[in-house]
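Secondary and tertiary structure notes
Each chain, letter by letter, is given below.
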Amino acid sequence: MSRLVNETENILRQKLLAAVEAAVAAGELPDENPAPFIIERPSNKANGDYSTNIAMACAKCFKKAPRIIAESIANTIDLSNTLFERVEIAGPGFLNFFLSQAYYSEILKDIFVCGDNYGKSDYGKGQKILVEFVSANPTGPMHIGNARGGAIGDCLASVLDWAGYEVSREFYVNDAGNQIEKFATSLEVRYLQHFKADVEMPEDAYHGADITAHAENFIHEFGDKFVSVSSDDRRKALVEYALPKNIEGLERDLGRYRITYDKWFKESTLHNDGSVNRVISALKEKGVTYEQDGALWFKASEFGNDKDIVLVRANGLPTYIVPDIAYHYNKLVTRGYDKAVDVLGADHHGYVPRMKAALTALGLDADRLDAVIMQMVRLVREGETIKLSKRSGKAITLNTLIDEIPLDAARFFFNLREPNSHFDFDLELAAKESSENPVYYVQYAHARICSIIKKAGEQNVQLRTPTDKELLMLCSDEEKELIRHLSSLTGEIITAAKAYDPAKITHYVLELATLFHKFYNAQRVMCDDEGLMQARLYLCCAVRDTIKNILTMLKITAPEVM
């Protein structure tokens, strides 16, 4: 974390508590322990650089009006030898603190001391978090929803890493269950149709061109060898041929999208190693199951779910929820992650309480499972929504998306809105090279600064570290606003990590680019005063490096020329 930001907040807290003690000693406040209070960075700079609600928080225990408490604290607080220059009382008793000009100088120096690590913190204390995302059924190519989930999940993992957590990325491969049966049916029909024209494809099967291609490639390799064998043998052979190719394709396509997983976890391993059966046995032993109509039910309604759920069907086959319970148990117990974070589609709202109910029944703390519910995305071109259909094979895939628009734009755009909000993805805007395009706007700010530094060198300006006196010259509103924003990066990353919302970081860097352009248009960098010029070049470099840090975190390029 930025050493200065962290220390400044800690010092202010210490000064506030010392002021309360002084007010108690002077008889202005009763001798009571102060209540917990917060210190925050106001969005409106008129409310200071830091603000606290200590007076309101302590009103009950001190039995005084917040305004009177605030006046006592303001009168006794000692801000000497700090980077604060004054305190003001606002509204019912807020205490607003204003930083001195020296603070802004120290922030810039701190950015250069931290270098590539500026923005990182130890907030997470190394807790182990497993982020599972995309986890698309390996029965076909990834669609646009997977593209959004990939960008959100991957950037969220990066945000958590920068916030001090030990993060792993994982893809859960659903290589068992109903979707694989449907995959087998689809492959079998396409295979047989090559030899028997009267074989019909079920309406609910997969009709995509990828299924046909798999069948034709299988025929090229094996011919009619599997026409006369049993359906079970034929389906098994087709799946064993096509499924690994699909999984390889998922890994390849996601790699192209700059996503690399620490582990690809196959559902089939949970069936093969007995984990699925052990979950059923464990729930039975805990007395939280019952039989009805030949099926085994879990008393999920006793653990916060809206209704009980079937674990094992009357035909003896477990439902999809059982391997999923085993999978989450594996994450939290077998592998010992402190927390599991699932990035899920909008149709999974009911899934989370079911999973938490099962984990609770198994004796786990369900709060160790968190879910990011991601809403649908619509592709828009020329103001018209593009219709998607995975079953018909006419869906826009992840690959076709990044063939059409820059990869940087795809990753940035999918993180422009919080995950739980609907999003219209404007394909024309994403490909546009103008300030209207958010990612281009940010990248242009980085490239513009690189151009400024290059031109300074061409004019024989030797960049150096400005003196403290020179840095104090960065006192215009535009300069102070820009540095204030730079100073808030670490806190913003922590906030994004706590909210599981990487969109906060794209918003932050967009605002940083806006503030830089505002500063550049208002203040002349290559000015006649050599000391001021060096200070402004130093500020430019701090912005450049911060933008690069953020884009690197989001796996987006930071071009030096555009």
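See the structure shown above.
Throughout what follows, the structure given in this document is the object of discussion.

Calculation rules
Residue numbers run consecutively from 1 along every chain, following the written order of its sequence. Whole-chain, interface and lining totals are the exception, using all residues; otherwise, since this is a predicted model, local features are given only for residues with pLDDT of at least 70 and side-chain atom pairs are given and counted only at 80 or more. Side-chain numbers here rest on the full set of heavy atoms in the structure, without hydrogens or water. Here a salt bridge means any side-chain nitrogen of Lys or Arg lying within 4 Å of a carboxyl oxygen belonging to Asp or Glu. Starting at the N terminus, helices and strands are each numbered in turn, a helix being any DSSP run of H or I of at least four residues and a strand any DSSP run of E of at least two. Partly exposed describes any residue whose relative accessible area lies between the buried limit of under 20% and the exposed limit of over 50%, with all areas from a 1.4 Å probe on protein chains only and scaled to the type maximum. We call two N or O atoms a polar contact when they sit within 3.5 Å, provided that within protein one can donate a hydrogen and the other can accept it, with sequence-adjacent residues counted only if both atoms are side-chain atoms. It only takes one pair of heavy atoms within 4.5 Å for two residues to be counted as in contact. Whether two aromatic rings pair depends on their centres lying within 6.5 Å, for rings of Phe, Tyr and Trp, where Trp uses its six-membered ring; planes under 30 degrees apart make the pair stacked, over 60 edge-to-face, and the rest tilted. Working rule: Lys NZ or Arg CZ, within 6 Å of ring centre, within 35 degrees of ring normal, means a charge sits over the ring. For two strands to be treated as a pair, DSSP must find at least two bridges joining them. Note on geometry: axes are lines fitted to C-alpha atoms, helical ones only across the stretch in contact, with angles between N-to-C directions running from 0 to 180 degrees. Oblique is the label for any angle not covered by the other classes, which are roughly parallel (under 35 degrees), roughly antiparallel (over 145) and roughly perpendicular (65 to 115). Three classes are used, and their members are as follows: Ala, Val, Leu, Ile, Met, Phe, Trp, Tyr, Cys and Pro are nonpolar, Asp, Glu, Lys and Arg are charged, and the others, Gly among them, are polar. Throughout, the arc means the angular range of directions from the helix axis out to the C-beta atoms. An expected span of 1.5 Å times one less than the residue number is assigned to each helix. Put simply, buried Ala, Val, Leu, Ile, Met, Phe, Trp, Tyr and Cys residues joined by side-chain atoms within 4.5 Å make one nonpolar core.

**Section: the pattern of salt bridges**
Pairing between side chains of opposite charge can happen when the charged atoms of each approach one another. Within this structure, the stated rule accounts for 29 salt bridges. Arg-86 is the salt-bridge partner of Glu-85, the closest N and O atoms lying 3.3 Å from each other. For Asp-370, the salt bridge is made with Lys-339, and the minimal N-O distance between the two is 3.2 Å. Here Asp-370, found in strand 12 (residues 369-374), pairs with Lys-339, found in strand 11 (residues 339-345); they are 31 residues apart in sequence, far enough to count as distant. A residue is classified by how much of its surface remains accessible, and Lys-339, at 24% relative accessible area, is partly exposed. Each of Asp-154, Arg-169, Arg-411 and Lys-555 takes part in one network of salt bridges that share partners.

**Details of the side chain of His-517**
With respect to the helices and strands, His-517 occurs in helix 21 (residues 503-522). Polar side-chain contacts of His-517 include one of 3.0 Å to the side chain of Arg-448. Other than its neighbours up to four places away in sequence, His-517 contacts Tyr-441, Tyr-444, Ala-445 and Arg-448.

**Thoughts on the packing of aromatic side chains**
Each pair of aromatic rings is reported with the distance of its centres and the angle of its planes. All chains considered together, the criterion is met by 28 aromatic pairs. Ring geometry for Phe-414 against Phe-423: centres 6.5 Å apart, planes inclined by 70 degrees, an arrangement best described as edge-to-face. Of the two residues, Phe-414 and Phe-423, both sit in the buried class. One aromatic cluster is present, built from ring pairs that chain together Tyr-191, Phe-195, Phe-218, Phe-222, Phe-226 and Tyr-241. Between the NZ or CZ atom of Arg-41 and the centre of the ring of Tyr-50, over which it lies, the distance is 4.4 Å. Stacked on the ring of Tyr-241, the Lys or Arg Lys-245 has its end atom at 4.7 Å from the ring centre.

**Looking at the pairing of strand 4 (residues 94-99)**
Counting buried residues in strand 4 gives 5 out of 6 residues, a clear majority hidden from the surface. Inspection of the sheet shows strand 2 (residues 50-52) paired to strand 4 by 3 bridges, in the antiparallel sense. Bridged to Tyr-50 within strand 4 is Phe-97. Strand direction decides the pairing type here: strand 3 (residues 84-90) and strand 4, joined by 6 bridges, are antiparallel.

**A short note on the packing of helix 7 (residues 178-193) against helix 9 (residues 231-256)**
If you want to describe how two helices pack, look at the angle between their axes and the distance between the axes. Following both chains from N to C, one finds helix 7 and helix 9 inclined at 105 degrees, their axes separated by 9 Å at the closest point. The orientation of helix 7 relative to helix 9 falls into the category roughly perpendicular. Counting all contacts with helix 7, which are made through Ile-180, Glu-181, Phe-183, Ala-184, Thr-185, Leu-187, Glu-188, Tyr-191 and Leu-192, the residues of helix 9 involved are Ser-231, Arg-234, Arg-235, Leu-238, Val-239, Ala-242, Leu-243 and Asn-246. By residue class, the composition of the contact of helix 7 with helix 9 is 10 nonpolar, 3 polar and 4 charged.

**Considerations on unusual backbone geometry**
For Arg-258, which is not glycine, the phi torsion reads 70 degrees and is therefore positive. With respect to the secondary-structure elements, Arg-258 resides in the loop between helix 9 and strand 7 (263-266). Positive phi values are uncommon outside glycine, yet Tyr-500 reaches one of about 55 degrees. Position of Tyr-500 among the secondary structure elements: in the loop between helix 20 (489-499) and helix 21.

**Points about helix 4 (residues 66-76)**
Regarding helix 4, the residues found buried are Ile-69, Ala-70, Ser-72 and Ile-73. Down the axis of helix 4, the buried set is contained in an arc of 160 degrees. They therefore lie on one face.

**Side note on the sheet that holds strand 14 (residues 384-385)**
In space, the 3 strands of this open sheet follow the order 14-13-15, with mixed pairing throughout. Of all the strands in the sheet, the pair left with one neighbour each is strand 14 and strand 15 (423-426). Direction of pairing for strand 13 (residues 377-381) relative to strand 14: antiparallel, over a ladder of 2 bridges. Across the sheet, Val-380 pairs through a bridge with Thr-385, a residue of strand 14.

**Let's talk about helix 9**
For helix 9, with 26 residues, the first-to-last C-alpha span of 37 Å sits near the 38 Å given by 1.5 Å per residue. Arg-258 lies just past helix 9 and shows a positive phi near 70 degrees.

**Examining the sheet that holds strand 12**
With parallel pairing, the 5 strands of this open sheet are ordered in space as 7-6-5-11-12. For this open sheet the edge positions go to strand 7 and strand 12, each flanked by a neighbour on one side alone. Across the sheet, the axes of successive neighbouring strands diverge by a mean angle of 25 degrees, strand direction being ignored. Sheet topology places strand 11 next to strand 12; 6 bridges connect them, and they run parallel. Residue pairing across strands places Val-341 opposite Asp-370, the latter belonging to strand 12. Strands strand 5 (128-132), strand 6 (166-173), strand 11 and strand 12 of the sheet are contacted by helix 6 (residues 144-162), whose axis makes an angle of about 160 degrees with strand 6.

**Concerning the nonpolar core**
Leu-16, Leu-108, Tyr-257, Phe-414 and Phe-425 are the most contacted members of the largest nonpolar core, which has 148 residues in total. Per-element tally for this core: the top contributor is helix 22 (residues 530-553), with 14 residues. Leave out the neighbours within four places in its chain, and Leu-108 touches Leu-471, Leu-474, Ile-483, Leu-486, Tyr-538, Leu-539 and Ala-542.

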